[in-house]
Amino acid sequence: MRILLISTAFNGLTQRFFTELSDAGYKVSVELHHGINEKLVAGVKLFKPDLIICPYLTRHISAEIYNNYPCIIVHPGIKGDRSASSLDWAIQNDLSEWGVTLLQANEEMDAGDIWSSKTFPMRLATKSSLYNREVTETAIKCLWEVLTFFASPDFIPEPLDYNNPNVSGRFQPFMKQVDREINWDTQTTDEIIRHILAADGSPGVLDEIYSKPVYLYNVHKEHKLTGGKPGDIIAIANQAICRATIDGAVWIGHLKPKLANGVAGIKLPATRVLAGLLPKDVDDIAIDYTKEGKQLPCQEIWYLQEDHIAYLYFDVHNGALNTQQCQLLLKVYKHVATLSVKAIVLLGGENYWSNGIHLNTIEAAENPANESWLNINAINDIVQQLLATNDKLTISAMAGNAGAGGVMLALGADVVFARQGVVLNPHYKSMGGLYGSEYWTYCLPKRIGHKKALELTEQCLPISANVALQIGLIDKVLDTEHHLFYSQVKHLARTLISDHGALLQMLNNKSEKRAADELNQPLSLYRMAELKNMYANFYGCDKYHKARQRFVFKIACNETPDNIAIHRRKNSLVTCD
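Residues numbered from 1 in each chain as written. Predicted model: local features only at pLDDT ≥ 70, side-chain atom pairs only at ≥ 80, totals over all residues. Heavy atoms only, no water.

(A) Representation of the packing of helix H1 (residues 12-23) against helix H5 (residues 127-150) within the structure. Direction vectors running N to C along H1 and H5 enclose 40°, while the axes themselves pass 10 Å from each other. Considered as vectors, H1 and H5 are oriented oblique to each other. You can see that H1 and H5 cross each other, and the crossing is right-handed. Judged by residue contacts, Leu13, Arg16, Phe17, Glu20 and Leu21 of H1 engage Tyr131, Thr136, Glu137, Ala139, Ile140, Leu143, Trp144 and Leu147 from H5. For the contact of H1 with H5, the per-class residue count stands at nine nonpolar, one polar and three charged. (Axes fitted to C-alpha atoms, helices over the stretch in contact; angles between N-to-C directions. Helix = DSSP H or I, 4+ residues; strand = E, 2+ residues; numbered from the N terminus. Parallel < 35°, antiparallel > 145°, perpendicular 65-115°, else oblique. Left-handed = near helix turned anticlockwise from the far one by under 90°. Contact = heavy atoms within 4.5 Å. Nonpolar A, V, L, I, M, F, W, Y, C, P; charged D, E, K, R; others polar.)

(B) Just the environment of Gln324, in detail. Mapped onto the elements of the fold, Gln324 is located in helix H9 (residues 323-337). What makes Gln324 partly exposed here is its relative accessible area of 48%. In this structure, the C-alpha to C-alpha distance between Gln324 and Asp499, residues 175 residues apart in sequence, is 38 Å. (Buried < 20%, exposed > 50% of the residue type's maximum accessible area, 1.4 Å probe, protein only.)

(C) Representation of the packing of aromatic side chains within the structure. All told, the structure shown has 14 aromatic pairs when counted by the stated rule. Centroid distance Trp302 to Tyr313: 4.9 Å. Interplanar angle 5°. Geometry classified as stacked. With Trp302 in strand E14 (residues 301-306) and Tyr313 in strand E15 (residues 309-314), this residue pair connects regions lying eleven residues apart in the sequence. We classify Trp302 as buried; its relative accessible area is 11%. The buried category is assigned to Tyr313, whose relative accessible area is 17%. Look at Phe538 and Tyr544: their rings are 5.2 Å apart centre to centre, the planes differ by 50°, and that puts the pair in the tilted class. Considered together, Phe538 and Tyr544 belong to a single accessibility category, that of buried residues. Site record: aromatic cluster; members linked through ring pairs are Trp373, Tyr535, Phe538, Tyr539 and Tyr544. Between Lys554 and the ring centre of Phe551, over which it is positioned, the NZ or CZ distance is 5.5 Å. (Phe/Tyr/Trp six-rings, centres within 6.5 Å; stacked < 30°, edge-to-face > 60°. Lys NZ or Arg CZ within 6 Å of the ring centre and 35° of its normal.)

(D) Up close: the nonpolar core. Judged by nonpolar contacts, the single largest core of 141 residues is most densely connected at Leu216, Ile241, Leu255 and Leu424. Broken down by element, this core gets its largest block of residues, nine residues, from H5. Among all residues touching Ile241, those that are not within four sequence positions of it are Ile209, Ile233, Ala235, Ile236, Val250, Trp251, Ile252, Leu255, Ala270, Thr271, Leu274 and Leu278. (Core = buried A, V, L, I, M, F, W, Y, C linked by side-chain atoms within 4.5 Å.)

(E) Just the sheet that holds strand E22 (residues 463-464), in detail. Spatial ordering of the open sheet is given by E17-E19-E21-E22, a layout of four strands whose pairing is mixed. Two strands lie at the open edges of the sheet, namely strand E17 (352-354) and E22, each paired on one side alone. Of the strand pairs in this sheet, E17 and strand E19 (residues 401-403) are connected by two bridges, and their pairing is parallel. Bridging across to E19, Ser354 finds its partner in Ala402. (Pairing = 2+ DSSP bridges.)

(F) Focus on the environment of Ser85. Relative to the elements of secondary structure, Ser85 occurs in the loop between strand E4 (71-75) and helix H4 (86-92). With residues near it in sequence (within four places) discarded, Ser85 still touches Pro173, Phe174 and Met175.

(G) Representation of the pairing of strand E11 (residues 248-257) within the structure. The buried fraction of E11 is high, at ten of ten residues. Taken together, the eight bridges between strand E8 (residues 212-222) and E11 define a ladder with antiparallel strand orientation. Looking across to E11, one finds that Lys221 is bridged to Val250. From the end of strand E10 (residues 240-245) to the start of E11, which pair antiparallel, there are two residues.

(H) Spotlight on the confidence of the model for the protein chain. Here the protein chain averages 96 in pLDDT, and 99% of its residues register 70 or above. Below a pLDDT of 50 lies the segment residues 571-577, which in the model reaches 13 contacts outside its immediate sequence neighbourhood of four places, other chains included. (pLDDT = per-residue confidence, 0-100.)

(I) Representation of the side chain of Arg194. Relative to the elements of secondary structure, Arg194 occurs in helix H7 (residues 189-197). Leaving out residues up to four positions away in the same chain, Arg194 has contacts with Ile91, Gln92, Asp94 and Leu124.

(J) Representation of the environment of Ile555 within the structure. Looking at the secondary structure, you find Ile555 in the segment after helix H19 (543-552). Ignoring sequence-local partners within four residues, the contact set of Ile555 consists of Gln549 and Arg550.

(K) Structural context of the sheet that holds strand E16 (residues 343-348). The six strands are arranged E14-E15-E16-E18-E20-E23 in an open sheet whose pairing can be described as mixed. The outermost strands of the open sheet, each flanked by one partner alone, are E14 and strand E23 (476-478). Going across the sheet, the axis of each strand differs from the next one's by a mean of 20°, ignoring polarity. Examined bridge by bridge, strand E20 (residues 415-419) and E23 share three bridges and lie parallel to one another. Note on E23: the bridge partner recorded for Phe417 is Lys476. Relative to the sheet, H9 contacts E14, E15, E16 and strand E18 (393-398), its axis offset from that of E14 by approximately 20°.

(L) Structural context of the pattern of salt bridges. Applying the stated rule across the entire model yields 28 salt bridges. For Lys490, the salt bridge goes to Glu306, with nearest N and O atoms at 3.1 Å. With Lys490 in helix H16 (residues 482-498) and Glu306 in strand E14, this pair connects stretches of sequence that are 184 residues apart. Since its relative accessible area comes to 32%, Glu306 is described here as partly exposed. The closest approach of N and O atoms between Asp391 and Lys392, which form a salt bridge, is 3.1 Å. One salt-bridge network, in which partners are shared between bridges, spans Arg16, Glu20, Glu137 and Arg419. (Salt bridge = Lys/Arg side-chain N within 4 Å of Asp/Glu carboxyl O.)

(M) Spatial organisation of the side chain of Asn380. Tracing the chain through its elements places Asn380 in helix H11 (residues 368-387). In this structure Asn380 comes out as buried when scored by relative accessible area, which is 0%. In contact with Asn380, other than residues within four places in its own chain, are Ser437, Glu438, Tyr439, Arg527 and Leu531.

Put into structure tokens, the structure is as follows:
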């Protein structure tokens, strides 16, 4: 069966559909809908799909497509909900339950016959977190129901009927900034938090700080600090700002300036965007990273100790690690390595394991090539330290998706676990032909062999946790539910260190293997060879810089890359130079 995915972008949900369907043996291809109907129709005719599924659309599908092919739209809303801001309204209105509906495309947006609809309990979280977790998992359940119904000649989808008491959704307008606006003098802390959560990661809540128009992101509730006029900045820490509310305070980790011409700038840590505007007497709270636990809500890196195991968290915004974050993570890791623990578990964050270097801070740097060089070397230092840890068992446990250098960072550990449903992108080349580093030329072939390593890094396709397990990239796939995943990680870590003799043998074997590998080819040579290629990427041509700019500013190249559009495949990737 041939299934075409039509999507505005090859985002996380589209990648999850791609991997799920590919793993199940369906012939899957992708067309990105950039608004050029003639090109989209031509792509559909070229592939001749049996079924079209649209996981993520911000544009309408033309009648020329849905009248000639069965076309299913994935809508992040309950039955009857019709809105481009569906999840935004659900978060901002503090609903306890929301859902996903898969419906047939027709002339009215989100008004087609319903093939499947399921609900989920709402969690106080960002829109992107809910989308990547609850919406995605619920959409996958609906997908398999739709495929079952599609194979049944007797199935008739349910017409949308607002007189049906089971249809509780309604048409909702597109949420504008006036709907998201925060009134610091009247709104409570919880109301402000919901407004920012509903706009994170897009489009952010437009506000003004020191007469500077900015979009707000990455909010956390403060539990102790009080005082100050509502809206005032009363403290800073970890590049985040703490703003007073009428009944408490909130931390805001990231801002995006609204520029004079009306366009948005680059999303960056809050204090960086406000550089030169912050009062000199604002309280700068220092975090003692040698202390166990999370001292502030805005803290991104911390560790916990339990049962002779250290759990190291690096829950950074959107999973990207800038130079300073890499250096801090290395510092905390080195401290943890001095503790009397038998294992170190790297947990990353709940929503993302890691996506490697931080393209936004690189783009905003005075010299992006130099910052790229500093960032890649800083993350390399972490992997090097991880590979050099011979006296403790190291475990990477990926609860969230990982990409590029984030995948390679995880492979530096002795054992790698992943949550069921995690999508991995173990490649770099789609970012303007980037070669990549993080010792991938050592770690990746060691796990899956040189042939498979070349295939993964050249094809530039996402893979599921199940496929990663099959090819030996990871060691175990754990439960889909996050709370069960973390419980399983702790149980497995305790089991691995419980037999002292077996643990010693494991550590001895690791040390001997590392010594043998070092004799064969020192790690320094792997790093040197990788960085030689990276130097050419950063300083030798502009492909990487152009690709990074398109990524940061969300500029579509109006082409579907050949690696995901198998019906358009040629001999090389579309790089949108």
